[in-house]
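Okay, here's what each chain looks like letter by letter:
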Amino acid sequence: MADADPPSPLRRPEKVALVTGSLAEPRLNRIAAEIGDVELEPVVVNVGVKVAALMTAEIVERRLKLPDGTDRVLMPGRFRGDLDRLERFFGVPFARGPDEMADIPDYFGQKHRGVDLSRHDVTIFAEIVDATALDTDAILARARILKGEGADVIDLGCMPDTRFPHLEEAIAALHSEGLKVSVDSFDLSELSRATRAGADYLLSLNETNLHIASEGPAVPVLVPATQGDLDSLVRAVEACRARGQAFYADPILDPIHYGFTASIVRYAELKRRCPDIPILMGIGNVTELTDADTTGINALLMGMISELHITAVLAVQVSPHCRTAVREFDRARREFFAAREAGALPQGFGGGLMALRDRRPYAASPQEIARLAGEVRDRNFRIDVAEDGVHIYNRDGHHVADDPFALFPHLKVEDDGAHAFYLGVETARAEIAYKLGKRYAQDEGLAWGVAGEIAGSPEEAHRLTFKQAGTTLAATSAKAAGATARKPQGPAGENVPRPGEEET
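Summarised in this report is the structure supplied together with it. (Residues numbered from 1 in each chain as written. Predicted model: local features only at pLDDT ≥ 70, side-chain atom pairs only at ≥ 80, totals over all residues. Heavy atoms only, no water.)

## Digging into the pairing of strand S6 (residues 153-157)
The element S6 is extensively covered by neighbouring structure, given that 5 of its 5 residues are classed as buried. Going residue by residue along S6, you find Val153, Asp155 and Gly157 tucked away on one face and Ile154 and Leu156 tucked away on the opposite face as well. Following the backbone out of strand S5 (residues 123-128), through helix H5 (residues 136-149) and into the adjacent parallel S6, one traces a crossover that is right-handed. Where S6 lies against strand S7 (residues 180-184), 5 bridges are found, and the strand directions are parallel. Counterpart to Leu156 in the pairing with S7 is Val183. Viewed along the sheet, the connection from S6 through helix H6 (residues 167-176) into S7 turns out right-handed. (Buried < 20%, exposed > 50% of the residue type's maximum accessible area, 1.4 Å probe, protein only. Helix = DSSP H or I, 4+ residues; strand = E, 2+ residues; numbered from the N terminus. Right-handed = clockwise from strand over helix to strand, strands pointing away. Pairing = 2+ DSSP bridges.)

Pasting the structure below:
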């Protein structure tokens, strides 16, 4: 018998150089001490300027002295120098970190975890509830949007007592776009037409009308014959199994106060009785019929789906407050799959469902903002949010309030309409962030997770170059423009940005 391989030597922790300037160094040292462990040895490297984010690659080559044994280098998130050039010069990998220093712990947590949101194991059916009332072009337009939001199957919802003469045409048109199609109708003749026309799925058959599934290729989605009758659903499942018929089973999720808790129990019971069958959960009875933000509801429903290994959901977004339900569930299925694969809680896997709150709402403390405010030597206003309110400061003063109207008398911009407008927009945005507990960054839209769209790409958010004046500011005179700098400007190393702007 061959000797066993000798144990491998203990691997040393990865040494990561965190490049920063003098303003951020004290705070970054504290963060580095918190995140260091047996896998990570963060080393703070001050390049000898106030703001490392404002350097060029040439300056970095001249000033940066890497500690011996450095495995990789993390530059500030807003550093816009050429990373490939720096990698060639220093011979180690370079990367940009998060924009805000407060996010560095999450950054390294995700890097260690290796978050991959490309995978999932849940199929999304997205219903067009009024398909009968739409012409084929309108159905296609709606379907394209749903596909873009993450839908895998387009469900044509038929309306009671309303003819659907173009059902076959609609199915063919959707197939021509490469889309799978399901049809949901109380009219058995419409279900029969649908499967004969090549529909991929039929919603919702039960043990009394299961014969329709034999009329064409459509896969039936089985439901109880009467509300809550799990035994009838199991009988329909067994009938499909006996004849080798593919299917999904759906015990039906009921609305809150109308059997919601009991319906959740039915899903668990069905999984216990038939552990290896594909199950579908329709979420509309809860999302559509509850006055609550859908991101949280969908997160909880996805938790049950993930634990029970339910393989499909039917989502609707009819009510205005549900208009991003499909997009939310697409993100939820990816984050929860990654968390389950990692054997972890659904935390730190992208935060796509964190719409109204942020785990770390403040990029800096009041004390850190006060320290930086004391360094400001120009008239440009910086705006920040901390636990004590909205901060606005320049060389002439530092003011804090929880209401933007309380700040205005201190700003002295009564004669500069464009500047006043800009500051009003920014302080209003800051007030929203403060009251909700969201992260605020001057000149950036608030992040609403997948529930909201933000202008500009993630890459643009990393830009060093300062934003161009908008339509209001662009129309002002040169004098006003000079007094309306939206961010601190000047030679590299002389700027004093907002807290966190220079950070890594």
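Moving on, there is more to tell.
## Overview of the sheet that holds strand S15 (residues 397-401)
Spatial ordering of the open sheet is given by S13-S14-S15, a layout of 3 strands whose pairing is antiparallel. Of all strands in the sheet, those with a lone pairing partner are strand S13 (382-386) and S15, marking the two edges. Neighbouring strand axes in the sheet, compared pairwise and without regard to direction, differ in orientation by 20° on average. In this sheet, S15 lies alongside strand S14 (residues 389-394) in antiparallel orientation, the contact comprising 5 bridges. Paired with Val390 across the two strands is Ala401, which belongs to S15. Across the sheet, helix H13 (residues 366-373) is in contact with S13, S14 and S15; its angle to S14 comes to roughly 10°. Along the sheet, helix H15 (residues 417-436) contacts S13 and S14; its crossing angle with S13, the most-contacted strand, is approximately 10°. (Axes fitted to C-alpha atoms, helices over the stretch in contact; angles between N-to-C directions. Contact = heavy atoms within 4.5 Å.)

## Quick notes on the packing of aromatic side chains
Aromatic ring pairs: the centre-centre distance and the angle between the two ring planes describe each pair. Under the definition given, this model contains 6 aromatic pairs. With 4.9 Å between their ring centres and 70° between their planes, Phe89 and Phe90 make a pair best called edge-to-face. Here Phe125 and Tyr248 contribute two aromatic rings whose centre-to-centre distance is 6.0 Å and whose plane-to-plane angle is 90°, an arrangement assigned as edge-to-face. Here Tyr248 lies in strand S10 (residues 248-249) and Phe125 lies in strand S5, a separation of 123 residues in the sequence. Judged by its relative accessible area of 11%, Tyr248 falls in the buried class. Aromatic rings pair up to connect Phe89, Phe90 and Phe94 into one cluster. (Phe/Tyr/Trp six-rings, centres within 6.5 Å; stacked < 30°, edge-to-face > 60°.)

## Concerning the pattern of salt bridges
Under the criterion given, the structure shown has 33 salt bridges. Put simply, Asp254 and Arg266 hold a salt bridge, and the shortest N to O gap is 2.9 Å. Note that Asp254 is positioned in the loop between S10 and helix H9 (260-273) and Arg266 in helix H9, a separation of 12 residues in sequence. On the accessibility criterion, Asp254 (6% relative accessible area) is buried. A relative accessible area of 11% places Arg266 in the buried class. Connected through shared salt-bridge partners, Asp152, Asp330, Arg333 and Arg334 make up one network. (Salt bridge = Lys/Arg side-chain N within 4 Å of Asp/Glu carboxyl O.)

## Points about the nonpolar core
Counting residues in each nonpolar core, the largest one holds 65 residues, and the members touching the most others are Ile139, Ile154, Leu156, Leu174, Val183 and Leu270. Looking at this core, the element that brings in the most residues is helix H8 (residues 230-242), giving 6 residues. Once you skip the residues sitting within four places of it in the chain, Leu156 turns out to touch Ile128, Ala131, Ile139, Leu167, Ala170, Ile171, Leu174, Val181, Ser182, Val183 and Asp184. With 20 residues, the next largest nonpolar core counts Ala17, Val43, Ile59 and Leu86 among its residues. (Core = buried A, V, L, I, M, F, W, Y, C linked by side-chain atoms within 4.5 Å.)

## Examining the side chain of Thr70
The residue Thr70 is located in the loop between helix H2 (57-63) and strand S3 (72-75) in this model. Within the local environment of Thr70, its side chain forms a polar contact with the backbone oxygen of Pro67, the two atoms lying 2.7 Å apart. If we ignore the near neighbours within four places in the chain, the residues touching Thr70 are Lys15, Ala17 and Val92. (Polar contact = N/O pair within 3.5 Å; in protein donor to acceptor, adjacent residues only side chain to side chain.)

## What about H13?
Within the sequence span of H13, burial applies to Pro366, Glu368, Ile369, Leu372 and Ala373. All buried residues of H13 project into a common sector of 165° when viewed along the axis, lining one side. The elements touched by buried residues of H13 are helix H1 (25-35), S13, S14 and S15. (Arc of directions from axis to C-beta.)

## Some remarks on the pairing of S7
Relative to strand S8 (residues 201-205), S7 runs parallel, the two being bridged by 3 bridges. Of the residues in S8, the one forming a bridge with Asp184 is Leu203. What joins S7 to S8 is helix H7 (residues 188-196), and the crossover it makes is right-handed.

## Overview of the packing of H6 against H7
Packing of H6 against H7 brings their axes to within 9 Å, and their N-to-C directions diverge by 40°. Remark: the crossing between H6 and H7 carries right-handed chirality. Contacts from Leu167, Glu168 and Ile171 of H6 reach H7 at Glu190, Arg193 and Ala194. Taken together, the residues of the contact of H6 with H7 sort by class into 3 nonpolar, no polar and 3 charged. (Left-handed = near helix turned anticlockwise from the far one by under 90°. Nonpolar A, V, L, I, M, F, W, Y, C, P; charged D, E, K, R; others polar.)

## What about the side chain of Asn298?
Tracing the chain through its elements places Asn298 in helix H11 (residues 294-308). Residue Asn298 is classed as buried on the basis of its relative accessible area, which comes to 0%. Not counting residues within four places of it along the chain, the set of residues in contact with Asn298 comprises Ile283, Thr287, Ala325, Glu328 and Phe329.

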